[in-house]
Amino acid sequence: MSPSPHRRPTARRRLALAGAATVVAAGLGAVPLIVTAGAAAPAGLAHGALPAGDGWAASGAGTTGGRAADASRVFTVSTRAALAKALTAGPAGAPRIIRVKGMIDANTDDSGTPLTCSDHAAGTGYSLDAYLRAYDPSSWGRAKLPAGPQENARRAAQARQAARMVFTVPARTTVIGVPGTGAGITGGSLVVKNADNVIIRNLLLTDVRDCFPQWDPTDGSTGNWNSAYDAVSLRGATHVWIDHNSFSDSPHHDAASPSHFGRKYQVHDGALDITNASDLVTVGYNTFDNHDKTMLIGSSDKDTKLRVTLHHNVFRGVVQRAPLARVGRIHLYDNLYDTAERAGYAHSYSLNSRAGAQVVAENNHWRLSPDRKVSQLLDGDGTGAVAGRGNLVDGKPADPVAAYNAANPGKKIKTSVSWKPTLSAGLEPAAGLPAKLAAKAGAGVLTEAGSTSAPAPSAPAPSGAAPSPSAPAPSGAAGRTLTVASDGSARYRSVQSAVDAAAPGDTVLVARGTYRETVDVPAAKHGLTLKGATGNAEDVVITYDNASGTQKAGGGTYGTAGSATATFSANDVTVTGVTIQNTWERSAHPGTRDTQAVAVNASGDRQRYLNARFIGHQDTVLNWAPRATGQYRQYFRHCFIAGDVDFVFGNATAVYDRVNITLRDRGAAPGGTNGYLAAPNTDAAQPYGILITDSTVSSPAAAGTYFLGRPWHPGASAVGRLVIRGTSLPAAVKSATPWTDMGGFSWKSARFAEYANTGPGAGTGPDRPQLTAAQAAGHTARTYLAGTDGWNPVG
């Protein structure tokens, strides 16, 4: 650290909670709803219906959801409590439209205060340590399910979580994200149970975690941990349209979960499961990213009905079940599969057909990673059927069924079915799918007119001319959307050119792609929003590779702050749905002395970083106050941050709320030093510095090789403040001495503390200062960020 910033599913579905879907209305009280005004129902995206011929859900009367709702039953919701009330308000069976504005966190109380797993377990008697002791296979055995006090306590804690995060969607309902707001639900499960005519559109659905998985020693030969919730679950549902949504485990990926009893502690179940005689379902233009058990069609081999269409969906970083079809007539067409491993999710198979499933798979496109074979794209038990045609692998015609059967002669998949698809709207050759779906699939790409917003330009280019990356945006009031696409299909090819053209309050909407550039949002661009178009941060990557010691073309070096891939100096900036990374690595530049390489330089006030990823090595995120005693607050929520040395650092007031932090492995042996998470240099006059709360820290590094932090002391007034609370810490943290000195300045002279942390890296002792409960009440996201103007981005 340099002295100034310028230098530096299973078959065990019985585990699902009985009646969990009925509890969302409990304890709501008088939750206000925002209701669309006017006597007549407005036209637009929210009143859209499934087009004719668009898959099985178009059968019969088709799928219209809440289209018939009048203005009194159109609700706009932005909180968990308002969503729950909108789903139950008024007479049963009446059509309703629920417009989700912004990101709703399901794990909150009615006032919007975040709830942790510990909050859900409070008063039940459950603890994971006690549960592990009670059902250790060495004493409990492997022949029976857990039973007794700790299993009862686990069920009680799970029921309390379900009361907050499970939402029942009734018949004749449309749930839709408001375009341009980053709409979605994190940590929540939408359940459509025994209901007809439902539409779910344009939502980012992420991180549906079960705090209390059950251990089942009888599941397979080694046992398994099974969780209870899907992002969307259809049970006995009919005429359902699932359209333009993004499903992901982000930011809490399975790789960060520990193993117990030799099995991964699995906190995620399905992304979209269609079971219990559900029927007439169309699933189109969705993205499924970074998930294991993605889609189950049929709750058992004896399920019934299950006529399902999947078309124009994108599957990336998906381990299996895309889908697993046990029963039914399933039509898969024009889907894009990418088998490359992502975020630790390694491909096992894409499609599994078994028992009574009769699948027609046509015009799908697989992108095959070097470690996978065409024969591994399918799986089965010899009882299912897949009739295929027009499918491509890496752009060339291929027959995955024939390849699978040749490699698995003992359990061949049948190649003929007894039905012929007739509802195939939009069926097209597979060759153009990668380019088309990059812009048109997933959440956040619909406009109020119902079409995709990317890659449509924000203003027309001159006739016959290619879009100019530096062309100015049309004049007008703030609040415009300026679109960016690296392939030239939008007005701007680069993010910086759109930022340059933007006015305060504008949105820069960036299409899926990789943008090799540096980005600078100066102070004059206050209120700017930088947003990834798909809602999935992994789709939109801004990347560069400068370090502090990198030589500039005109002489000199960049310095720490100047090395940033993206610099945000404006107040009231929002950054969402993007990855910003600095790929500079020490090993590739052995002659460079100053190895700080910043991904994000956050140096404004009231800045929000939501559902984004920040990746680097040394000094990944700089939280900077240009005036050390000034008010500069930065809020990071549901983000992913990776680094190794001092990679969260600076003198601003910064809150990291429900983030996933990865401590990268530099190869140190157990007991050595791989690195340091944080290096605050908070001014002594500032009461608040960096707060990490309700988060998960994970690491592949050896045990006892990481310090939580050290105090950056560039001058006498710097007395770093860092609090880590309610956070899971990995074994890589030095458990006895997690803090260390820096530059001759003792960590004991800084303001470091912990509170209620968990995990193998947590602990207490003389070198682990702990807050009291009374002190902890003053170290919350809200108290840190309130400042002199009462700013509350927490909700």
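Residues numbered from 1 in each chain as written. Predicted model: local features only at pLDDT ≥ 70, side-chain atom pairs only at ≥ 80, totals over all residues. Heavy atoms only, no water.

Draft legend 1. The overall build of the protein chain, seen in detail. Within the protein chain, the secondary structure is distributed over 11 helices and 55 strands. Over its C-alpha trace the protein chain gives a radius of gyration of 26 Å, about what one expects of a compact globule, namely 28 Å for 795 residues. Along the three orthogonal principal directions, the C-alpha set of the protein chain runs to about 80 × 75 × 60 Å. The buried share of the protein chain, taken over its 795 residues, is 60%. Total accessible area on the protein chain is roughly 27200 Å²; 53% of this is exposed by carbon and sulfur atoms. Of the side-chain charges in the protein chain, 74 are positive and 59 negative, and the distance between the mean point of each set is 2 Å. (Helix = DSSP H or I, 4+ residues; strand = E, 2+ residues; numbered from the N terminus. Rg over C-alpha atoms; globule rule 2.2 N^0.38 Å. Buried < 20%, exposed > 50% of the residue type's maximum accessible area, 1.4 Å probe, protein only. Areas by Shrake-Rupley, 256 points an atom, 1.4 Å probe, with all protein chains shown as cover. Lys, Arg positive; Asp, Glu negative; His and termini not counted. Charge placed at Lys NZ, Arg CZ, Asp CG, Glu CD.)

Draft legend 2. Representation of the sheet that holds strand β49 (residues 660-663) within the structure. Ordered in space as β34-β37-β40-β43-β46-β49-β52, the 7 strands form an open sheet in which the pairing is parallel. Strands at the two margins of the open sheet, each flanked by one partner only, are β34 (513-516) and β52 (696-698). Across the sheet, the mean angle from the axis of one strand to that of its neighbour is 15 degrees, orientation sign disregarded. Sheet topology places strand β37 (residues 540-544) next to strand β40 (residues 579-582); 4 bridges connect them, and they run parallel. Within the sheet, the bridge partner assigned to Val 541 lies in β40 and is Thr 579. (Pairing = 2+ DSSP bridges. Axes fitted to C-alpha atoms, helices over the stretch in contact; angles between N-to-C directions.)

Draft legend 3. Main features of the packing of aromatic side chains. Under the counting rule described, the total for this entry stands at 24 aromatic pairs. Look at Trp 225 and Tyr 265: their rings are 5.0 Å apart centre to centre, the planes differ by 70 degrees, and that puts the pair in the edge-to-face class. Residue Trp 225 is located in strand β12 (residues 224-226), and its partner Tyr 265 is located in the loop between β17 (263-264) and β18 (272-275); the two are separated by 40 residues in the primary sequence. What makes Trp 225 buried here is its relative accessible area of 2%. Accessibility expressed as a relative area gives 8% for Tyr 265, which makes it buried. Its guanidinium or amino end placed over the ring of Tyr 544, Arg 516 lies 4.3 Å from that ring's centre, counting from NZ or CZ. (Phe/Tyr/Trp six-rings, centres within 6.5 Å; stacked < 30°, edge-to-face > 60°. Lys NZ or Arg CZ within 6 Å of the ring centre and 35° of its normal.)

Draft legend 4. Quick peek at the sheet that holds strand β44 (residues 621-623). Read from one edge to the other, the open sheet built from 7 strands follows the order β35-β38-β41-β44-β47-β50-β53, with strand pairing classed as parallel. The outermost strands of the open sheet, each flanked by one partner alone, are β35 (519-521) and β53 (706-709). Taking each pair of neighbouring strands and ignoring which way they run, the sheet shows an average axis angle of 10 degrees. Sheet analysis places β35 next to strand β38 (residues 566-568), joined by 3 bridges and oriented parallel. Following the sheet pairing, Asp 520 is matched in β38 by Thr 567.

Draft legend 5. Just unusual backbone geometry, in detail. Cis geometry marks the peptide bond from Ala 322 to Pro 323; its omega dihedral reads 5 degrees. Mapped onto the elements, Pro 323 comes out in the loop between β23 (314-320) and β24 (324-333).

Draft legend 6. Representation of the environment of Thr 222 in the model. Structurally, Thr 222 is set in the loop between β11 (214-216) and β12. Look at Thr 222 and you get partly exposed, because its relative accessible area is 36%. In contact with Thr 222, other than residues within four places in its own chain, are Arg 142, Trp 215 and Arg 263. (Contact = heavy atoms within 4.5 Å.)

Draft legend 7. Summary view of the pairing of strand β46 (residues 640-643). Residues Phe 640 and Ala 642 point to one face of β46 and Ile 641 and Gly 643 to the other, with burial holding for every one of them. As paired strands, strand β43 (residues 613-615) and β46 are joined by 3 bridges and run parallel to one another. Each residue of the ladder has a partner; that of Arg 613, found in β46, is Phe 640. As judged from the 4 bridges shared by β46 and β49, these two strands associate in the parallel manner. If you follow Phe 640 over to β49, its bridge partner there is Asn 660.

Draft legend 8. Seen up close, the nonpolar core. The biggest cluster of nonpolar side chains holds 69 residues, and the ones touching the most others in it are Leu 272 and Ile 274. Broken down by element, the residue count for this core peaks at 5 residues, all from helix α1 (residues 80-88). One finds Val 508, Leu 528, Val 600 and Val 648 within the second-largest nonpolar core, a separate group that totals 61 residues. (Core = buried A, V, L, I, M, F, W, Y, C linked by side-chain atoms within 4.5 Å.)

Draft legend 9. Seen up close, the side chain of Lys 531. Turning to its location among the elements, Lys 531 is positioned in strand β36 (residues 529-532). For Lys 531, a relative accessible area of 7% translates into the label buried.

Draft legend 10. The arrangement of the state of the cysteines in detail. Under the criterion given, the structure shown has 1 disulfide. Cys 639 carries a free sulfur, and the closest cysteine sulfur to it, the one in Cys 117, is 19 Å from it. Since its relative accessible area comes to 0%, Cys 639 is described here as buried. (Disulfide = S-S within 2.5 Å.)

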